[in-house]
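Breakdown of the fold
Given next are the chains, with one letter for each unit.
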Amino acid sequence: MVLILLHSQLNKIKKHAKATYPEECCGILIGISGKKAIVKRVLPTKNIFKGDKKKGFEIDPLALAKADAEAEKKGWEIIGVYHSHPNCPGRPSKTDLKQAWPGISYFVISVINGNPGDYSSHRYNPEIKKFVEEPVIVLREEE
Ligand SMILES: [Zn+2]
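All of the points below concern the structure found in this document. Note that the coordinates shown come from a computational prediction; the quantities given were computed from them, not determined experimentally.

Conventions we followed
- Residues numbered from 1 in each chain as written.
- Predicted model: local features only at pLDDT ≥ 70, side-chain atom pairs only at ≥ 80, totals over all residues.
- Heavy atoms only, no water.
- Donors = N, O, S within 2.8 Å, 3.2 Å for Na, K, Ca; no water.
- Tetrahedral: all angles 85-135°; square planar, octahedral: opposite > 155°, others 65-115°.
- Helix = DSSP H or I, 4+ residues; strand = E, 2+ residues; numbered from the N terminus.
- Buried < 20%, exposed > 50% of the residue type's maximum accessible area, 1.4 Å probe, protein only.
- Contact = heavy atoms within 4.5 Å.

Concerning the coordination of the zinc ion
Looking at the zinc ion, one finds its protein donor set to be His 83 (NE2), His 85 (NE2), Asp 96 (OD) and Asp 96 (OD), positioned 2.0 to 2.5 Å from the metal centre. For the zinc ion, the four donor atoms in the first shell make angles of 55 to 155° at the metal, a pattern classed as irregular. Along the chain, the residues donating to the zinc ion are arranged with the sequence spacing H-x1-H-x10-D. With His 83 in strand β4 (residues 77–86) and Asp 96 in helix α3 (residues 94–99), this residue pair connects regions lying 13 residues apart in the sequence. The same class applies to His 83 and to Asp 96, which are both buried.

Brief notes about the environment of Gly 90
Examined against the element boundaries, Gly 90 turns out to sit in the loop between β4 and α3. If sequence neighbours within four positions are ignored, Gly 90 has contacts with Val 108, Ile 109, Ser 110, Asp 118, Tyr 119 and Ser 120.

In structure tokens form, the structure reads like this:
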């Protein structure tokens, strides 16, 4: 798969990641999923993780339900989730792997000293129980 998002959508994620630093931010990506996953909306959500939010995140199930309803109205679906890694690489961790489910993109962005850094997107493959990286294409403007 390929994850496609707009530059402005990436900036929205970066802004969110910066705002919650040094805690992790999280949110939902809704859009179109076919041969490519095309982001239509970035929905920032609250991190409701009960433990140390610097090292974990949990998306509010109510926010997920709301996002699902919003997507459905437009004929879209939930195509992914995103979260940040404060002072850690922008790649999924072992903890992320334990919580992963197939069929959606896991977008992770690094935040080093408050500044958004590298990012990547992965999909969970249940057969090998691993994340497989997918290319991220950032478009300058809506086509
Ligand atoms: Zn993580």
